[in-house]
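Descriptive structure summary
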Amino acid sequence: MGKRRSKTGSTDEVARTLQVGDGESLRSRALAAAEERKRRPMCVVILGDDVGERQRMTESSFVIGRGGRADLVLQDPRVSSRHCRIEDRGDGFALIDLGSTNGTSVNGAIVDGERILESNDRIEVGDTVIRFELQDALDVAYDDAMQRLIHIDDLTGLYQRRRFDKELEELLGRARNKNAPLGMLVLDLDGLKSINDTHGHLFGAYVIAETGKLIGRVRPPEAIAARFGGDEYVVACPDHDLAQTTAVAERIHAAVAEHVYVREGVHLGPGISIGVACFPEHAKERVTLFSCADRALYAAKRAGRNRVSVYEP
């Protein structure tokens, strides 16, 4: 009887194991197939002036080029305004050259018309090399985390300078195409040295962080903002003329004045000086526009600090 129970038990166990294993196998294959369908393309610049830049493909087509209407905008002068396009064909992704001046290559081979892409293919446009990736949900989460480390200032939550400069160039391109204005603010804290000297640099870092968060909340939703270095910030306001940009500066100035800065029971009272300039009224290029706003900032400092100043040519 004992042997029969053992034999019966063994048979039952084998049956159960086969059933569970077969179900798991089917489930694994179904999950793998579903995950494969979820994989979406990402284009990552691995060589060129824009190295590190990346753009995820979220629509059925994706344009790489130098113009403001491209999805992945490159600064490379040998890249055409609409250089090439990636299309989702349902069962794969095709790269199509859009009649570019200098042509498009994949893994060193010139694209004649179009080519089906594989993950990790290298797309060569001008002097720029772009890696084509297919990312699943885990890849996307990792990439988002890396992008935050690369592009976001961890103290303030604002952009870092490199990301700001890139997006500002794109915003200026759109402003030119639409014949629309774009406002620029350069901001600098007042009284930070005294706070550092009296209470220590941790208190100064707290003031920098709090002010950055205030700027992030007060700026218009469509505006971009960055910590430009130390206790200096910069804000770009698309579709804002000089009067509208000055109003944004006044709101930020008022927010800093009204904010309660308290750390470890110590009340701190920084001020902020803000310089205002506007495209195309004061400048037509990114560097010149920043310079105009920066000059206005120093005019505010010379006038007594803790105020808003508009650039005067």
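Relevant structure appears above.
Okay, so let's go over this structure. Here the structure is a predicted model, which is why all the values come from computation and not from measurement. (Residues numbered from 1 in each chain as written. Predicted model: local features only at pLDDT ≥ 70, side-chain atom pairs only at ≥ 80, totals over all residues. Heavy atoms only, no water.)

**Regarding the overall build of the chain**
Within the chain, the regular secondary structure consists of seven helices and 18 strands. Counting across all 313 residues of the chain, residues that qualify as buried make up 44%. Put simply, 58% of the contacts in the chain that link residues at least 6 apart link residues at least 24 apart. Roughly 16,600 Å² of accessible area belongs to the chain as shown, and the carbon and sulfur atoms make up 50% of that amount. (Helix = DSSP H or I, 4+ residues; strand = E, 2+ residues; numbered from the N terminus. Buried < 20%, exposed > 50% of the residue type's maximum accessible area, 1.4 Å probe, protein only. Contact = heavy atoms within 4.5 Å. Areas by Shrake-Rupley, 256 points an atom, 1.4 Å probe, with all protein chains shown as cover.)

**Overview of the pattern of salt bridges**
Two side chains carrying opposite charge are able to pair once their charged atoms lie near each other. All told, the structure shown has 21 salt bridges when counted by the stated rule. A salt bridge links D88 to R40; its shortest N-O distance comes to 3.3 Å. Taken together, the positions of D88 in strand β5 (residues 84-88) and R40 in strand β1 (residues 40-47) put the pair 48 residues apart, joining distant regions of the chain. Taking the relative accessible area as the measure of exposure, D88 reaches 28% and is therefore partly exposed. Taking relative accessible area as the criterion, R40 reaches 25% and is therefore assigned partly exposed. In this structure, R176 and E285 form a salt bridge, with 3.4 Å as the shortest nitrogen-oxygen distance. Of this pair, R176 sits in helix α3 (residues 161-178) while E285 sits in the loop between β17 (271-279) and α7 (286-302), and the two are 109 residues apart along the sequence. For E285, a relative accessible area of 45% corresponds to the partly exposed category. Overlapping salt bridges, with partners in common, bring together R85, E87, R89 and E114 in one network. (Salt bridge = Lys/Arg side-chain N within 4 Å of Asp/Glu carboxyl O.)

**A closer look at the packing of helix α5 (residues 201-218) against helix α6 (residues 242-258)**
Their axes nearest at 10 Å, the elements α5 and α6 cross at an angle of 140°. Looking at the two axes, α5 sits oblique to α6. Seen from above, α5 lies across α6 with right-handed handedness. Within the contact between the two elements, α5 uses T211, L214, I215 and V218 and α6 uses R251, I252, A255 and V256. By residue class, the composition of the contact of α5 with α6 is six nonpolar, one polar and one charged. (Axes fitted to C-alpha atoms, helices over the stretch in contact; angles between N-to-C directions. Parallel < 35°, antiparallel > 145°, perpendicular 65-115°, else oblique. Left-handed = near helix turned anticlockwise from the far one by under 90°. Nonpolar A, V, L, I, M, F, W, Y, C, P; charged D, E, K, R; others polar.)

**Re the sheet that holds strand β8 (residues 109-110)**
Through backbone hydrogen bonds, the strands of a sheet pair up, either in parallel or in antiparallel fashion. Reading across the sheet, the six strands line up as β2-β1-β11-β10-β7-β8 and stay open at both edges, with antiparallel pairing between neighbours. Each having just a single partner strand, β2 (54-56) and β8 make up the two edges of the open sheet. As paired strands, β1 and β2 are joined by three bridges and run antiparallel to one another. Residue pairing across strands places M42 opposite R56, the latter belonging to β2. (Pairing = 2+ DSSP bridges.)

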